[in-house]
Amino acid sequence: MQGTVATFDPATRTGTVLLDDGAELTFPSEAFDASGLRLLRLGQRVRIEHDGSGRVNRVTLPTFG
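Not measured: the values here are computed from a predicted model. (Residues numbered from 1 in each chain as written. Predicted model: local features only at pLDDT ≥ 70, side-chain atom pairs only at ≥ 80, totals over all residues. Heavy atoms only, no water.)

Participant: How do you make sense of the overall build of the protein when you look at a structure like this?
Facilitator: The secondary structure content of the protein amounts to 1 helix and 5 strands. Reading the protein from its N terminus to its C terminus gives the helix and strand order β-β-β-α-β-β. A globule of 65 residues ought to have a C-alpha radius of gyration of about 11 Å, and the protein, at 10 Å, matches this closely. Taken over the C-alpha atoms alone, the protein extends approximately 25 × 25 × 20 Å along its principal axes. A fraction of 38% describes how many contacts in the protein between residues 6 or more apart in sequence connect residues 24 or more apart. Seen as two clouds, the 7 positive and the 8 negative side-chain charges of the protein have centres 8 Å apart. (Helix = DSSP H or I, 4+ residues; strand = E, 2+ residues; numbered from the N terminus. Rg over C-alpha atoms; globule rule 2.2 N^0.38 Å. Contact = heavy atoms within 4.5 Å. Lys, Arg positive; Asp, Glu negative; His and termini not counted. Charge placed at Lys NZ, Arg CZ, Asp CG, Glu CD.)

Spelled out as structure tokens, the structure:
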């Protein structure tokens, strides 16, 4: 699934994403750390990966694998 970064705190490496359906989704620092990214900008498009329980486990850029 994809969405747009609504908030991002570089100190805690956590934030929220506004999904394409309008829902807001919070991601933990572990999901950001798994991405290999160094920073996210507000309004940036991201791809969200989650496990079977719905927990976000990775936040990446749509163009990255």
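Participant: Is there a simple way to think about the nonpolar core in this case?
Facilitator: Nonpolar side chains tend to gather and get buried jointly when the protein is soluble and globular. In terms of nonpolar packing, the biggest core is built from 14 residues, with Phe27, Leu40, Val46, Ile48 and Val59 touching the most fellow members. Counting only elements with at least two residues in this core, the list comes to strand 1 (2-9), strand 2 (14-19), helix 1 (29-33), strand 4 (45-50) and strand 5 (56-60). When near neighbours in sequence (up to four residues on either side) are disregarded, Val59 contacts Phe27, Ala31, Ser35, Leu37, Leu40, Val46, Arg47 and Ile48. (Core = buried A, V, L, I, M, F, W, Y, C linked by side-chain atoms within 4.5 Å. Buried < 20%, exposed > 50% of the residue type's maximum accessible area, 1.4 Å probe, protein only.)

Participant: Please clarify how the side chain of Gln44 should be interpreted in this entry.
Facilitator: Tracing the chain through its elements places Gln44 in the loop between helix 1 and strand 4. Since its relative accessible area comes to 12%, Gln44 is described here as buried. Within the structure, the side chain of Gln44 is placed 2.9 Å from the backbone nitrogen of Arg41, a separation counted as a polar contact. With residues up to four places along the chain from it excluded, the contact list for Gln44 reads Gly3, Thr4, Val5, Leu39 and Leu61. (Polar contact = N/O pair within 3.5 Å; in protein donor to acceptor, adjacent residues only side chain to side chain.)

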